[in-house]
Amino acid sequence: MADTAVKAGDGSAGAGISPTADESARARSRRRAARRNTGSALLFLSPWIIGFCVFTAWPLIYSAYLSLTDYDVINDPQFVGFENYAQLFQDPKVLLALQNTAFFTFVQVPLYVIVSLALALLLQRAGRSAGFFRTIFFLPKMTPPVAIGILFLLLFNGQNGLINTVLGWFGINGPAWTTDPAWVKPGLIMMSLWTVGASVIILLAALQNVPEELYESARIDGAGFWRQSFSITIPMISPALFFIIVVNTIAGLQTFDEAYTAFFGSGNTTYSNDAALFYVIYLFQQAFEFLNMGYASAMAWLLFGVIMIVTAVQLIVSRRLVYYEGETQR
Amino acid sequence: MHASRRMAAALAGAACLALLTGCAVGTGGADDSDADYDPDADLSGTMSVMGFSGVDEVATSRMDLAEEALGDVEVTLIEGDLDLQQFLSAVASGEPPEIVYANRDQIGSLAARGAILPLDSCIEGEGIDTGMFVPAALEQVTLADQVYGIPEFNTVQLTMANADLLEAAGLSVEDVNGSDWDAVSQANLALTKGAGGALSVIGYDSKLPEFMPLWAKANGADLISEDGKTAQLDDPAVIEALEWAVSIYDDQGGFSSVKAFRDSADFFGEGNQFATSVLGAMPMEQWYVNVLNDVSPDAPLAFDTVHARGGDTLAYATGSAWAIPAGSANPEAACRWARVMTSTDAWEAAANARIEVREAEGNPFTGILLTGNAAADELIQGMVTSVGEPWDTAAAKMYEANEKTFALPANPADAEFKTALQDAVNSVLNGQATPEEAMGAAQATAQTALDEAWAKLESEN
């Protein structure tokens with residue numbers, strides 16, 4: 001089309017380049033530049049695109065396919081339609097695992113945020129020693145989850161663990177955290193609070209961005225610590241809080257490593273504890289112990305659906321509760 | 001334009017479907033009909049061995065013999081215990097290892113799925129004498145009358161006790177060997193010490209849930225029928241055995257307290273439960289005798305076999321086995337490797353190597369080495385020199401137990417069966433269910449898994 005227009009322009013003008021031909025040439029040049037830019041962008045993005053396709057998109061599509069099959073890894077998958085999904089709703093262990101996971105997530109996430117925020121507020125007032133404490137708080141985050149699982153068993157041992165020893169100093173007879181089903185999840189939740197370091201750093205950065213003038217104005221108006229916290233600090237850092245809540249909710253729903261190491265891994269192959277049977281652990285058992293890869297894929301998609309719904313609810317609620325600077329107040 | 005887009009979309013969809021269905025190649029059902037098993041044939045090529053570390057003298061001495069028998073075959077070890085994920089990944093990619101070293105209780109499930117080959121041709125071609133294996137070990141690798149694994153090692157249980165604690169309580173090891181459950185319960189009460197809800201001495205540890213099959217058999221019950229098709233978890237004798245084994249913990253404040261205390265022990269070190277006199281008695285696998293002899297040779301120990309109610313010696317056999325994956329690229333080499341590694345000559349070499357190592361360390365050979373090969377066991381028993389008491393008794397009792405072993409028969413839903421059993425026992429230990437409720441639910445779960453797995457296996461055959 002462009003070529004035709006240029007030729008027509010040439011013919012009617014006789015000599016020189018007509019304005020129409022000039023515009024067409026510029027348009028062509030712009031398109032060539034755009035194509036070059038697109039090509040360059042794709043070239044630079046290609047490592048990520050290839051990685052995404054191979055390691056994320058394809059496994060996602062493939063697991064959706066497997067979820068419709070009876071597949072034991074050893075033999076070819078047999079198509080069974082939605083049989084695996086129907087079975088999910090009849091399997092009492094799926095319900096148990098979902099209940100355990102929901103309890104862990106919805107108790108752990110608020111506690112995680114509260115502890116992170118408290119530590120970040122303390123760090124903000126730490127002055128020159130803040131750097132040292134920031135490092136100290138972050139160090140546990142670098143501990144491998146498997147090591148945390150082992151540490152859990154040592155620290156929370158009902159007889160000789162450090163936690164109960166400390167409780168004993170105050171006359172409290174601590175529970176059997178690692179063996180009493182009623183205390184297994186609370187123990188794991190407490191252990192998970194050990195790794196709040198990353199969230200503390202994020203919240204500290206957010207706190208340091210809150211304009212000091214806001215606090216000065218509030219103080220002049222007679223606002224105390226709590227009023228300042230609820231009217232200035234929390235609204236101003238709400239995007240960071242929201243980010244931490246969303247990310248940790250997803251992590252909570254996918255929790256696996258620590259509980260698996262402590263209750264289902266090597267050394268505990270016989271003593272499993274239903275109180276620690278989280279959803280991903282049961283999924284792992286189905287996939288790699290019972291070789292029901294098709295059923296495990298269906299379980300993975302159910303979890304994906306649950307996470308999508310929970311995250312969508314959080315996003316909807318966030319529209320009312322999260323304040324973004326520069327955004328018109330809704 | 002639109003037509004070509006539709007065509008492109010259709011082609012992309014078709015390609016996607018082809019990729020999806022073609023991705024999972026697997027090797028299930030591949031056979032070894034092309035393999036020519038001959039003990040005198042010269043072999044070549046490569047062979048990867050998965051699940052076998054080959055780190056100690058018992059392994060390396062046998063490997064030397066096997067590699068010599070394999071001639072030009074290049075052997076590579078994929079070290080560590082068999083990682084099912086790693087194995088399945090290799091199978092899914094269509095390139096399984098040539099041979100795997102698995103727990104015997106994994107053989108049934110792998111065989112039922114066609115992941116490993118029946119070894120009839122291998123056994124016949126290489127001339128493996130299956131009559132030399134301990135019957136319980138061979139039974140564990142036999143599914144639907146076909147042998148799928150060449151067994152090696154045999155693990156049995158012994159009663160291990162702290163002689164000082166027994167003596168102080170006016171008891172002997174016979175009171176805790178399981179022949180009289182009331183006597184064990186009384187001894188447990190006499191030996192247990194603790195104050196304020198915290199234990200300081202575990203009287204008797206019935207080692208649940210792992211030894212539930214042992215207690216059921218001791219009470220005259222089998223957890224699964226001989227043909228591996230019917231679960232018998234709700235048998236009244238099984239429930240009675242579970243009630244008794246759990247009562248041992250209940251008498252000490254509950255399983256929760258005992259396990260927490262047990263977990264805090266230095267199990268493999270000088271501060272083990274016997275050396276520190278914090279455990280009266282327990283049934284335990286024989287390899288632990290070697291640990292105790294190494295780390296606390298002066299600990300006040302007493303040994304006996306585990307007895308069924310009424311007095312007969314009894315042991316629940318477990319162990320390892322060599323299996324050839326379907327799709328193995330060099331089944332002839334794999335078969336010869338399995339034959340030589342489990343041969344009487346190889347075990348004799350292993351025993352000599354161990355004696356040499358022990359002598360170099362200034363220690364005697366305890367004789368604690370059960371091979372799964374009855375002929376080799378007899379030979380090794382003759383090589384044992386006196387170590388002094390109580391270790392000589394431990395070795396003698398171990399060989400006695402080796403004669404009286406039983407095993408759970410191979411079945412195609414072994415993992416599901418064991419999980420159902422363990423979950424049930426754990427739920428009773430945790431106080432979440434009564435033995436009747438737990439074993440009733442486990443029976444239903446296990447039987448469903450067995451029915452499905454056998455139906456699938458039989459339809460494929």
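Residues numbered from 1 in each chain as written. Chains lettered and ligands numbered in written order. Predicted model: local features only at pLDDT ≥ 70, side-chain atom pairs only at ≥ 80, totals over all residues.

A few points about the overall build of chain A
The helix and strand inventory of chain A stands at 15 helices and two strands. The C-alpha radius of gyration of chain A comes to 29 Å, more than 25% above the 20 Å expected for a compact globule of 330 residues. Taking the principal axes of the C-alpha coordinates as reference, chain A spans close to 105 × 75 × 35 Å. Across the 330 residues that make up chain A, the buried fraction comes to 30%. Residue pairs at least 24 apart in sequence account for 66% of intrachain contacts in chain A once pairs closer than 6 positions are excluded. (Helix = DSSP H or I, 4+ residues; strand = E, 2+ residues; numbered from the N terminus. Rg over C-alpha atoms; globule rule 2.2 N^0.38 Å. Buried ≥ 20, exposed ≤ 12 C-beta atoms within 10 Å, placed from the backbone. Contact = placed C-beta atoms within 7 Å.)

Considering the nonpolar core
Core analysis: the largest hydrophobic core is formed by 181 residues, its most contacted members being Leu242(B), Ala323(B), Trp337(B) and Leu421(B). With eight residues, the top contributor of residues to this core is helix α10 (residues 236–250) of chain B. (Core = buried A, V, L, I, M, F, W, Y, C linked by C-beta atoms within 7 Å.)

Some details on the environment of Ser61(B)
Counting through the fold element by element, Ser61(B) comes out in helix α2 (residues 57–70). C-alpha separation for the pair Ser61(B) and Asn188(B), spaced 127 residues apart in sequence, amounts to 43 Å.

Notes on the confidence of the model for chain A
With 91% of its residues at a pLDDT of 70 or more, chain A shows a mean pLDDT of 87. In the predicted structure, residues 1–15 of chain A sits below a pLDDT of 50 and forms 14 contacts with residues beyond four places in sequence or in another chain. (pLDDT = per-residue confidence, 0-100.)

A look at the packing of helix α12 (residues 238–253) of chain A against helix α15 (residues 293–321) of chain A
How two helices sit against one another is set out by the angle between their axes and by the gap between those axes. Residues and elements named next belong to chain A. Relative orientation of the contacting elements α12 and α15 amounts to 165°, with a least axis distance of 10 Å. It follows that α12 is roughly antiparallel to α15 by the angle criterion. As for how α12 packs across α15, the hand of that crossing is right-handed. Facing α12, whose interface residues are Ser-238, Phe-242, Ile-245, Val-246, Thr-249, Ile-250 and Leu-253, α15 presents Leu-303, Val-306, Ile-307, Val-310, Thr-311, Gln-314, Ser-318 and Leu-321. In the contact of α12 with α15, the residues fall into 10 nonpolar, five polar and no charged. (Axes fitted to C-alpha atoms, helices over the stretch in contact; angles between N-to-C directions. Parallel < 35°, antiparallel > 145°, perpendicular 65-115°, else oblique. Left-handed = near helix turned anticlockwise from the far one by under 90°. Nonpolar A, V, L, I, M, F, W, Y, C, P; charged D, E, K, R; others polar.)

Focus on the sheet that holds strand β3 (residues 99–103) of chain B
Residues and elements named next belong to chain B. Reading across from one edge, β2-β1-β3-β13-β6 is the order of the five strands in this open sheet, with mixed pairing throughout. Because the sheet does not close on itself, it has two edges, and the strands there are β2 (74–78) and β6 (150–155). Adjacent strand axes in the sheet meet at a mean angle of 15°, parallel and antiparallel pairs treated alike. The pairing of strand β1 (residues 46–50) with β2 spans five bridges and is parallel. Along β2, the bridge assignment pairs Thr-46 with Glu-74. (Pairing = 2+ DSSP bridges.)

Overview of the domain arrangement of chain A
How big an interface is tends to be reported as the loss of accessible area on association of its parts. For chain A, the domain assignment lists domain 1 (2–66) and domain 2 (85–321). A separation of 47 Å is found between the C-alpha centroids of domain 1 of chain A and domain 2 of chain A. (Domains from an automatic or database assignment.)

Structural notes on the domain arrangement of chain B
Residue and element names in this part refer to chain B. Once the domains are mapped, chain B shows domain 1 (30–154 + 318–402) and domain 2 (157–316 + 412–460). One C-alpha centre belongs to domain 1, the other to domain 2, and the line joining them spans 28 Å. Residue-level contacts link 17 residues of domain 1 with 21 residues of domain 2. Elements with a minimum of two residues in the side of domain 1 that touches domain 2: α4 (104–112) and α16 (391–402). Among the elements that make up the side of domain 1 that touches domain 2, the one with the highest residue count is α16 (seven residues). Here the side of domain 1 that touches domain 2 is built from residues that sort into nine nonpolar, five polar and three charged.

Here's the deal with the pairing of β6(B)
All names here are of chain B. Burial runs high along β6: five of the six residues are buried. Relative to strand β13 (residues 318–323), β6 is paired through four bridges, and the arrangement is antiparallel. Note that in β13 the partner of Glu-152 across the bridge is Ser-320.

Side note on the sheet that holds strand β9 (residues 198–204) of chain B
Residue and element names in this part refer to chain B. Taken together, seven strands build an open sheet; the order of strands is β8-β9-β10-β7-β11-β12-β14 and the sheet is mixed. The open sheet terminates on both sides in strands that have one partner only, identified here as β8 (193–195) and β14 (405–406). Where strand β11 (residues 301–307) and strand β12 (residues 313–316) come together, two bridges link them in antiparallel fashion. Bridge assignment links His-307 to a residue of β12, and that residue is Thr-313. Packing against the sheet, α16 makes contact with β7 (157–162), β11, β12 and β14, and its axis sits at approximately 10° to β11.

Some remarks on the interface of chain A and chain B
Taken together, the 29 residues of chain A in the interface contact 36 residues of chain B. Grouping the amino acids of the side of chain A that touches chain B by side-chain chemistry returns 13 nonpolar, 11 polar and five charged.

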